[in-house]
Amino acid sequence: MNNKVGQLSLSKFADLYADKLAGADFFVVDEKQLLSLSEYPYRSDGYIIGICTRGTAKVEVNLQIYDARPDAMLLATPFHVLRIYNSSADFLCRFVVFSKAFLIENSVNSHFLESFSYFNSASIPVIYPDSADAKMILEIYLLIQQKLAREGHPYHVEISRSILMTLLYEIQAIYEKQHTIIKGKQTRKQELNVLFQALVFHHYKEHRNVQYYADALYVSSKHLTETIKEVTGRTAGEWIDDAVILEAKVLLRNHEISIARAAESIHFPDQSSFGKYFKKHTGMSPSDYRAISAH
């Protein structure tokens with residue numbers, strides 16, 4: 001299989017890595033090296049809960065870079081674009097992967113998943129639980145793995161789903177504790193950056209000008225640009241452009257999507273304007289990028 005995957009469907013993810021599964025929309029991945037996901041950014045159409053068990057790596061989520069180390073947890077949604085790179089030779093992770101449809105099956109609340117704050121657009125996707133909490137999460141993971149292995153049991157999927165619910169609530173408690181610590185250390189400028197980043201990855205397809213985000217945050221475009229530059233080393237405009245280009249690259253690596261459709265998906269008026277924008281920021285045309293990324 002081509003290891004440069006832009007859109008990683010649950011079925012492809014399962015084919016590559018699944019250890020124990022209850023179909024393509026719920027499975028666990030035991031300690032394996034994610035070599036197929038290490039070079040290019042990708043988006044999964046499922047929810048991913050990962051915990052690093054050995055080694056180190058860099059994890060890029062929506063252009064923000066985090067350190068993966070033992071006990072670090074990744075909490076990713078279909079709205080995140082991910083890249084794992086610079087991994088050490090011994091880097092290993094365990095994952096639970098599931099779809100929203102699987103989780104809410106037989107549930108009266110179709111928006112149940114949105115009740116977990118770590119799955120919203122402004123959440124922090126990589127957290128660092130203490131050793132006791134990490135051990136507890138791994139124990140729940142192993143319990144899910146054990147229950148999924150009982151394929152002859154008439155309710156092994158239902159039991160595994162209920163344990164997944166337990167896992168989600170335990171992570172919520174850990175996340176709230178981590179978020180309180182992080183938020184307490186943030187300056188006002190850092191808080192503005194967090195809000196700006198969340199807005200960008202929610203609206204970058206429709207809005208590519210700094211003024212839109214400044215208005216939404218009730219600050220001047222000058223203040224927003226200066227603040228984001230001070231906190232991150234890059235301007236607000238650069239963050240917006242990078243978000244658009246990142247999405248474009250994900251779309252272009254999916255050869256089932258035409259370049260014209262990719263342009264339309266990011267709300268460019270036509271393929272020509274998309275091509276000019278893409279070349280300005282990458283130095284190559286969309287078709288050249290598609291050809292290079294296929295090899």
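For the structure, check the block above.
Residues numbered from 1 in each chain as written. Predicted model: local features only at pLDDT ≥ 70, side-chain atom pairs only at ≥ 80, totals over all residues. Heavy atoms only, no water.

Relative to the 24 Å expected for 17 residues at 1.5 Å per residue, helix 8 (residues 236-252) spans 25 Å between its end C-alpha atoms, a close match to the ideal helical length. Among the 17 residues of helix 8, 13 are classified as buried, and the element is accordingly described as predominantly covered. (Helix = DSSP H or I, 4+ residues; strand = E, 2+ residues; numbered from the N terminus. Expected span 1.5 Å × (residues − 1). Buried < 20%, exposed > 50% of the residue type's maximum accessible area, 1.4 Å probe, protein only.)

Let us now look at the environment of Tyr 141. The topology assignment puts Tyr 141 in helix 3 (residues 131-148). Judged by relative accessible area, Tyr 141 falls into the buried class, the value being 3%. Once residues within four sequence positions are removed from consideration, Tyr 141 is found in contact with Val 28, Val 29, Asp 30, Arg 94, Phe 95 and Val 96. (Contact = heavy atoms within 4.5 Å.)

A separate point is the packing of helix 8 against helix 10 (residues 271-282). The geometry of helix 8 relative to helix 10 is characterised by a closest axis approach of 11 Å and an angle of 110° between their N-to-C directions. With respect to helix 10, the element helix 8 is oriented roughly perpendicular. Crossing hand, helix 8 versus helix 10: left-handed. Of the residues in helix 10, those in contact with Asp 241, Val 244, Ile 245, Ala 248, Lys 249 and Leu 252 of helix 8 are Phe 274, Tyr 277, Phe 278, His 281 and Thr 282. Within the contact of helix 8 with helix 10, the residues separate by chemical class into 7 nonpolar, 2 polar and 2 charged. (Axes fitted to C-alpha atoms, helices over the stretch in contact; angles between N-to-C directions. Parallel < 35°, antiparallel > 145°, perpendicular 65-115°, else oblique. Left-handed = near helix turned anticlockwise from the far one by under 90°. Nonpolar A, V, L, I, M, F, W, Y, C, P; charged D, E, K, R; others polar.)

This part covers unusual backbone geometry. Phi is positive for Tyr 218, close to 60°, though the residue is something other than glycine. Looking at where Tyr 218 falls in the secondary structure, it is placed in the loop between helix 6 (210-216) and helix 7 (221-232). Positive phi outside glycine occurs at His 267, with the angle close to 65°. Tracing the backbone shows His 267 in the loop between helix 9 (259-265) and helix 10. With relative accessibility at 45%, the residue His 267 sits in the partly exposed group.

Moving on, we get to the environment of Ile 174. Assignment of secondary structure puts Ile 174 in helix 4 (residues 156-185). Residue Ile 174 is classed as buried on the basis of its relative accessible area, which comes to 3%. Along the sequence, Ile 174 and Pro 129 sit 45 residues apart, while their C-alpha atoms lie 6.7 Å from each other.

A few words now on the pairing of strand 8 (residues 73-76). The alternating pattern of strand 8 places Met 73 and Leu 75 and Leu 74 and Ala 76 on opposite faces, both of which are buried. Where strand 5 (residues 47-54) and strand 8 come together, 4 bridges link them in antiparallel fashion. Residue pairing across strands places Ile 49 opposite Leu 75, the latter belonging to strand 8. Relative to strand 11 (residues 126-127), strand 8 is paired through 2 bridges, and the arrangement is antiparallel. Residue pairing in the sheet places Leu 74 in a bridge with Val 126 of strand 11. (Pairing = 2+ DSSP bridges.)

Once that is clear, we can look at the pairing of strand 10 (residues 92-98). With respect to burial, strand 10 is a largely interior element, 7 of its 7 residues being buried. Residues Leu 92, Arg 94, Val 96 and Phe 98 point to one face of strand 10 and Cys 93, Phe 95 and Val 97 to the other, with burial holding for every one of them. Bridge count for strand 5 against strand 10 is 7 bridges, and the pairing is antiparallel. By the bridge assignment, Tyr 47 is partnered in strand 10 with Phe 98.

Purely geometric stuff here, so don't read any function into it on its own.
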